[in-house]
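One-letter residues, chain by chain:
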Amino acid sequence: MVSRIIPVECFDLVIFGGTGDLARRKILPGLFRRFLGGQMPENARIIGAARSNLDDAEYRDMVAGAITEFGGAEAKDTECLSRFLKQLHYVQVDARGTDGWADLAGLMKPDVIRAFYFSVGPGLFGDLAERLHLHKIADAQSRIVVEKPFGRDLETARALNETLALHFDEQQIYRIDHYLGKETVQNLMAVRFGNVLFEPLWNNHYVDHIQITVAETVGVGGRGGYYDKSGAMRDMVQNHLMQLLCLIAMEPPSMFEADAVRDEKLKVIRALQPVDYHQIVRGQYNATDKTQNYRDDAENPRSHTESFVALKCHINNWRWAGVPFYMRTGKRLKARNSEISVVFKDLGHSIFEGDEARHRNILTIRLQPNEGIDLQVTIKEPGPGGMRLVDVPLDMTFADALGPDADGGSDAYERLIMDVIRGNQTLFMRGDEVEAAWSWTDPIINGWQERNDVPKEYDTGSSGPEDSLMLLHRDGRRWHEIKA
Ligand code: NDP
Ligand code: BG6
């Protein structure tokens, strides 16, 4: 299958924090893949910026190392890699000081798109925004890309929005949630709004409930310091899971265009009913023989931070009244498996004699691994013996249907960075969306703090705490099994 690549205009992309972990693991290898994909014009430049004392050659060496380590098979193309590296530069800059800013200003080309990736701690966002203006490096067409965490509650998110708004318009601010760059997450919109099949059924007349699972096998080792102050609610639910919820539940936007899509997502968040604490389960992983427990990983022996959350919520609107949405996410679970399941209601009446089994249609959108969609349908069991019914999946695994390059081999980050250059904000969070999401999660987190809530322990390699299974059992339902 030949993919249609949309070329981008010439650009200067400055990566503040260009020597950091995110830049090395995701941003730079991703940009190299876009270079290989023919999407980086020859005179486009990537400028790393940080406090470390490096020249261009040393920076290129560092980037070559990062791409070799994290870039996958493509990194073996040494001829292309050396051509890519020529488009890289480095400036030593202190976000909080005066050093380096005049050099950066002098390096920028006129008449090309300027994008500034803030791949540094959020405490530096305001400093960077201020200095980009002070030194006249950013103009009205410039874009800034900011990383999560976008605040740690409503108050801090609002303060951050206000700080950025002092120097940049909302149209210039690209708040990254890398889940929105995932191929299947975008496919969710294609499936819903590109087919006549699903939309008529997408409501409380036909849908029994919806499940969203983002299960990980990794623990928090290596980033325990950050994670222990955050927890699964802030790290995953407030952003990634809520974005998935929005895409599954929103009304059709009038156009696939930034504000039309974001307006609809915002309406979903605003319609979310506050969650009763009985409808939430918090968990923390416990060691098995071969692994550490959460408290060791987080280096905090008394930590009550959750590495798992499961909850049931409702959206108070005409379409979804009465339909529960169950969400769960956790670390060190039995498999890396993220999916959304839309479970349709039972048939009102079965015409098949003796058919006592409960046959249900379930549409499952698999985000990772093994991206694809399957629809559970009921058919006649093959062979003689009368009309016996059986449920089978109509499976569309993208790699089978579209070939191994179904996702163009690209990663969420590179796709989103190219959208920044194109000036397309559809897959980025707007400031009011982020604030609305915090307004919903803050009372949950504050409630835990007020009650000194202690998370339930769960075994590494399990499906999470028993109580999370009970969350659905109480309603006569069960989670889709977490399997690799
Ligand atoms: P790192 O600590 O690995 O890197 C921080 C970078 O910022 C380094 O390049 C550092 O270089 C630079 N830096 C620090 N202080 C200054 C300063 N005063 N002036 C200029 N540059 C400075 O962090 P990460 O790369 O892991 O994370 C970056 C951001 O991305 C954070 O906001 C993080 O929360 C977010 N994020 C990270 C993810 C990841 O997988 N790593 C995932 C999602 C979000 P130097 O010391 O040379 O100045
Ligand atoms: C990040 C979280 O935003 O997403 C991590 O901070 C998490 O804790 C990661 O592991 C999951 O992303 P992915 O793309 O691996 O599902």
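The coordinates are above.
For the structure given in this document, a descriptive report is provided here. Being a predicted model, the structure only gives us computed values, none of them experimental. (Residues numbered from 1 in each chain as written. Chains lettered and ligands numbered in written order. Predicted model: local features only at pLDDT ≥ 70, side-chain atom pairs only at ≥ 80, totals over all residues. Heavy atoms only, no water.)

This next bit is on helix 1 (residues 21-36). Given a rise of 1.5 Å per residue, 16 residues ought to cover 22 Å, and the 22 Å separating the end C-alpha atoms of helix 1 matches this to within 8%. At isoleucine 27, helix 1 shows its largest bend, some 30 degrees, and a proline, proline 29, comes one to four positions later. Listed as buried for helix 1 are Leu22, Ala23, Ile27, Leu28, Pro29, Gly30, Leu31, Phe32, Arg33, Arg34 and Phe35. Glycine 38 occupies a position one or two residues after helix 1 and carries a positive phi of about 80 degrees. (Helix = DSSP H or I, 4+ residues; strand = E, 2+ residues; numbered from the N terminus. Expected span 1.5 Å × (residues − 1). Bend = angle between axes of the 7 residues up to and from the residue. Buried < 20%, exposed > 50% of the residue type's maximum accessible area, 1.4 Å probe, protein only.)

Glycine aside, negative phi is the norm for most residues, and most peptide bonds take the trans geometry. Backbone torsion omega between lysine 148 and proline 149 reads 0 degrees, so that peptide bond is classified as cis. Within the element layout of this structure, proline 149 appears in the loop between strand 5 (143-146) and helix 6 (154-165). Across the junction of glutamine 368 and proline 369, the peptide omega takes the value -10 degrees, indicating a cis bond. Inspection of the secondary structure puts proline 369 in the loop between strand 12 (362-368) and strand 13 (372-380). With phi around 50 degrees, asparagine 452 is a residue other than glycine that occupies positive phi space. Mapped onto the elements, asparagine 452 comes out in the loop between helix 14 (431-450) and strand 15 (456-459).

Another point: the packing of helix 9 (residues 231-249) against helix 10 (residues 258-270). Two numbers describe a pair of packed helices, the interaxial angle and the distance between the axes. The N-to-C vectors of helix 9 and helix 10 enclose an angle of 110 degrees; their axes lie 9 Å apart at closest approach. Judged by the inter-axis angle, helix 9 sits roughly perpendicular to helix 10. The segment helix 9 lies against helix 10, with Met242, Gln243, Cys246, Leu247 and Ala249 engaging Lys265, Val268 and Ile269. Its residues assigned to classes, the contact of helix 9 with helix 10 shows six nonpolar, one polar and one charged. (Axes fitted to C-alpha atoms, helices over the stretch in contact; angles between N-to-C directions. Parallel < 35°, antiparallel > 145°, perpendicular 65-115°, else oblique. Contact = heavy atoms within 4.5 Å. Nonpolar A, V, L, I, M, F, W, Y, C, P; charged D, E, K, R; others polar.)

Around ligand 2, the structure places Lys148, His178, Tyr179, Lys182, Glu216, Arg223, Asp235, Met236, His240, Lys331, Arg336 and Gln368. Here an oxygen atom of ligand 2 and a side-chain polar atom of tyrosine 179 are 2.4 Å apart. Between aspartate 235 and ligand 2, the recorded distance is 2.6 Å, taken from a side-chain N or O atom to an oxygen atom. Contact with the protein chains removes 81% of the 400 Å² of surface that ligand 2 exposes when unbound. (Near = heavy atom within 4 Å. Polar contact = N/O pair within 3.5 Å; in protein donor to acceptor, adjacent residues only side chain to side chain. Areas by Shrake-Rupley, 256 points an atom, 1.4 Å probe, with all protein chains shown as cover.)

The next point concerns the packing of aromatic side chains. Scanning the entire structure with this criterion turns up 16 aromatic pairs. Seen in terms of ring centroids, phenylalanine 16 and phenylalanine 116 are 6.4 Å apart; in terms of plane orientation they differ by 20 degrees. Their pairing is stacked. Remark: phenylalanine 116 occurs in strand 4 (residues 113-118) and phenylalanine 16 occurs in strand 1 (residues 11-16); sequence separation between them is 100 residues. For the pair phenylalanine 16 and phenylalanine 116, one class covers both residues: buried. Between tyrosine 326 and tryptophan 479 the ring centres are 6.1 Å apart and the planes differ by 70 degrees, which places this aromatic pair in the edge-to-face class. Separated by 153 residues along the polypeptide, tyrosine 326 in strand 10 (residues 325-330) and tryptophan 479 in the segment after helix 15 (466-473) bring together distant segments of the chain. On the basis of relative accessible area, tyrosine 326 is assigned to the buried category, the value being 0%. Assessed through its relative accessible area of 9%, tryptophan 479 is described here as buried. Taken together through their ring pairs, the aromatic side chains of Phe16, Trp101, Phe116, Phe118 and Phe125 make up a single cluster. Here the basic side chain of arginine 175 rests over the ring of phenylalanine 150, its NZ or CZ set 5.0 Å away from the ring centre. (Phe/Tyr/Trp six-rings, centres within 6.5 Å; stacked < 30°, edge-to-face > 60°. Lys NZ or Arg CZ within 6 Å of the ring centre and 35° of its normal.)

Another point: helix 9. Its 19 residues place the ends of helix 9 25 Å apart at the C-alpha level, agreeing with the 27 Å of an ideal helix rising 1.5 Å per residue. The largest bend in helix 9 is about 50 degrees, located at valine 237.

Attention shifts here to the sheet that holds strand 9 (residues 308-313). Pairing in this open sheet of nine strands is mixed, and the strands run 14-13-12-11-7-10-9-8-15 from one edge to the other. Unpaired on one side and paired on the other, strand 14 (389-397) and strand 15 mark the two borders of the sheet. Adjacent strand axes in the sheet meet at a mean angle of 20 degrees, parallel and antiparallel pairs treated alike. Pairing geometry for strand 8 (residues 280-286) and strand 15, over four bridges, is parallel. What sits directly across from glycine 283, in strand 15, is lysine 456. Across the sheet, helix 15 is in contact with strand 7 (207-215), strand 8, strand 9, strand 10 and strand 15; its angle to strand 9 comes to roughly 15 degrees. (Pairing = 2+ DSSP bridges.)

A few words now on the sheet that holds strand 3 (residues 88-92). Strand order in this open sheet of six strands is 3-2-1-4-5-6, and the pairing throughout is parallel. The outermost strands of the open sheet, each flanked by one partner alone, are strand 3 and strand 6 (173-175). Each strand of the sheet is rotated relative to its neighbour by a mean of 20 degrees, with strand direction disregarded. Bridging between strand 1 and strand 2 (residues 45-50) involves five bridges; their strand directions are parallel. Its bridge partner being in strand 2, phenylalanine 16 is matched across the sheet by alanine 49. Set on the sheet, helix 1 makes contact with strand 1, strand 2, strand 3 and strand 4; between it and strand 1 the angle comes to about 165 degrees.

What follows deals with the site of ligand 1. Around ligand 1, the surrounding shell holds 22 residues, and the nearest of these are Thr19, Asp21, Arg25, Arg51 and Ser52. At a separation of 2.8 Å, an oxygen atom of ligand 1 approaches a polar side-chain atom of arginine 51. In isolation ligand 1 exposes 890 Å². Once the protein is present, 74% of that is buried. Among the elements that take part in the shell around ligand 1, helix 1 stands out by supplying three residues, more than any other. The residue inventory of the shell around ligand 1, partitioned by class, reads nine nonpolar, seven polar and six charged.

Glancing now at the pattern of salt bridges. Pairing between side chains of opposite charge can happen when the charged atoms of each approach one another. Per the stated rule, a full pass over the model turns up 37 salt bridges. Arginine 33 is the salt-bridge partner of glutamate 414, the closest N and O atoms lying 2.7 Å from each other. Taken together, the residues glutamate 414 in helix 13 (residues 412-422) and arginine 33 in helix 1 connect sequence positions 381 residues apart. Residue class for arginine 33 comes out buried when judged on its relative accessible area of 14%. As a salt-bridge pair, arginine 415 and glutamate 183 come within 2.9 Å of each other at their nearest N and O atoms. One end of the pair, arginine 415, is in helix 13; the other, glutamate 183, is in helix 7 (residues 183-194), with 232 residues separating them in the sequence. Residue arginine 415 is classed as buried on the basis of its relative accessible area, which comes to 15%. Given a relative accessible area of 27%, glutamate 183 falls into the partly exposed group. Linked through salt bridges whose partners overlap, the residues forming this network are Asp208, Lys312, Asp346, Arg360, Asp475 and Arg477. (Salt bridge = Lys/Arg side-chain N within 4 Å of Asp/Glu carboxyl O.)

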